[in-house]
Amino acid sequence: MPTTLTLRPPADYLLSRDVCSYGYFVLAPNLWHVPTQTLYRMLDLAGGPAAVRISPPFKPGEPRTYEPLPRGATRIEGKPAPSVRDGRGVFPHKPGAALTCRFDRTLTREEQAEARVQITRMLRLDEDADHAAGFHAVDPRWAPSGHCRLFRSPTFFEDVVKTVTSCNVAWPSTVNMNLRLCEVLGRRGAFPTPQKLARTRPGTLRARCRVGYRDRRMVELARLFCPRAGKPPEVNEAYLADQATPDDEVFKFLKTLPGIGPYAAGNIMMLLGRYSRLAIDTESIRHGKTILGMKGTDGAITKRLARHYEPFGEHRFRSYWFELWTFYEDRNQRANTWVRDEVAKAFTAAKF
DNA sequence: GGTAGACCTGGACGC
DNA sequence: GCGTCCAGGTCTACC
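Residues numbered from 1 in each chain as written. Chains lettered and ligands numbered in written order. Predicted model: local features only at pLDDT ≥ 70, side-chain atom pairs only at ≥ 80, totals over all residues. Heavy atoms only, no water.

This part takes up the side chain of Arg-121. Structurally, Arg-121 is set in helix H2 (residues 109-123). Judged by its relative accessible area of 11%, Arg-121 falls in the buried class. The contact partners of Arg-121, leaving out residues within four places of it in the chain, are Arg-152, Ser-153, Pro-154, Thr-155, Phe-156, Asp-159, Glu-237 and Leu-271. (Helix = DSSP H or I, 4+ residues; strand = E, 2+ residues; numbered from the N terminus. Buried < 20%, exposed > 50% of the residue type's maximum accessible area, 1.4 Å probe, protein only. Contact = heavy atoms within 4.5 Å.)

Here's what the structure looks like:
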């Protein structure tokens, strides 16, 4: 019998808001199903891949069976998206509602524990209501909407690779690269494991996944996540995620990784739960110019942005990000109504 | 330490 | 339909 797990999120948790809070929710293998406000994806577990559907509790009378997506499907036809009349407050379920995680196969006890860890990481269920209150105390602008959590991947490796696919490329290419990585290298469409990517020939990555010159860097990066000659992986996730490790040390280490520069390192810091740094890219410059009214060269605006977000201290990234995210939502409706293949083309700096 | 140019892909544009 | 140009962040060579 297929496994169903119930996860108790923090009291202020809203699936539609907290999943649709960062661009990675539209990158494969994630699939946000707009009509049912449900997240689908494939998780790679010890016993093999398992598809999971994460949703608020189902109402009495609703079908209890798992409804797999057709292979290759990118969307499901259904009812129109819920009303977005809310002006950043109303969603189709209540804050703190238990999350139902339905799998397409039976999971062993070990796999259930593994799945809980991965889903908790992805949804940031470890950032409780007190954590959110800490952010809102520093930046009260986001208290009414409750924005605080930023969606990420079930594994650190996936977050790092996704960040590399977002560098020096327009958003549609990032969407495409992730789709192909999952289709070509992932088991049943899951995100490829470090071991699989480390064994892949750069030429295959370039030709079939369209990653371009990133091919060798991605293979080298994957190798750093794999144990070698009985030694632990060079990338020590526990050390990097440990809040006792200084931000400066983490940032310095990340920049030594292949394909990771200042922007990518800043972004990965956020994905590790470290919000004290910005990740400055062309979108940041555009934001500085068009929304914050900054003038001057890109270098000058970068310095002004640093000064502008200084007052938000340990929460700089989130204060910056939700300004940017609100800008996107004002022009493209609420993020929980976005369909992957449609936003793939709309979601670029040049379009705004 | 700072900077110029190469690295690829895919969208936009002109013909 | 084809060719050309351009955006995007990192890396390397060079000053």
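Moving on to the pattern of salt bridges. By the definition in use, this model includes 22 salt bridges. For the salt bridge of Asp-18 with Arg-149, the shortest nitrogen-to-oxygen distance reads 3.1 Å. Highlighted residues: Asp-18 in helix H1 (residues 15-19) and Arg-149 in the loop between helix H3 (129-138) and helix H4 (156-165), separated in sequence by 131 residues. On the basis of relative accessible area, Arg-149 is assigned to the buried category, the value being 1%. Three or more residues are tied together by salt bridges with common partners; here these are Asp-12, Arg-17, Asp-18 and Arg-149. (Salt bridge = Lys/Arg side-chain N within 4 Å of Asp/Glu carboxyl O.)

One pass over the full model with this rule turns up 15 aromatic pairs. Measuring from centroid to centroid gives 6.2 Å for Tyr-309 and Phe-312, while their planes differ by 40 degrees, and the two rings are tilted. Of the two residues examined, Tyr-309 and Phe-312, each falls in the buried class. An aromatic cluster is present here, built from Tyr-22, Tyr-24, Phe-25, Tyr-309, Phe-312, Phe-317, Tyr-320, Trp-321, Trp-325, Phe-327, Tyr-328 and Trp-338 joined pairwise through their rings. If you follow Arg-277 out to its NZ or CZ, it ends over the ring of Phe-251, 4.0 Å from the centre. The residue whose ring lies beneath Arg-318 is Tyr-275, and the NZ or CZ to ring-centre distance is 3.7 Å. (Phe/Tyr/Trp six-rings, centres within 6.5 Å; stacked < 30°, edge-to-face > 60°. Lys NZ or Arg CZ within 6 Å of the ring centre and 35° of its normal.)

This part covers the packing of helix H12 (residues 282-290) against helix H14 (residues 316-332). Packed helices, taken two at a time, are described by their axes: the angle between them and the distance between them. Taken N-terminus to C-terminus, the directions of H12 and H14 make an angle of 80 degrees; their axes are 11 Å apart at the nearest point. Here H14 runs roughly perpendicular to H12, going by the angle between their axes. Here Glu-283, Ser-284, Arg-286 and His-287 of H12 come into contact with H14, specifically with Tyr-320, Glu-323, Leu-324, Phe-327 and Tyr-328. (Axes fitted to C-alpha atoms, helices over the stretch in contact; angles between N-to-C directions. Parallel < 35°, antiparallel > 145°, perpendicular 65-115°, else oblique.)

As a structural note, the neighbourhood of DNA strand C is formed by 16 residues, with Asn-168, Gly-259, Ala-264, Asp-281 and Thr-282 the closest of them. Backbone sugar and phosphate groups make up 60% of those atoms of DNA strand C lying within 4 Å of the protein. Residue Thr-282 places a main-chain N or O atom 2.9 Å away from a phosphate oxygen belonging to DNA strand C. (Near = heavy atom within 4 Å. Polar contact = N/O pair within 3.5 Å; in protein donor to acceptor, adjacent residues only side chain to side chain.)

Coordinates in, geometry out; function isn't part of it.
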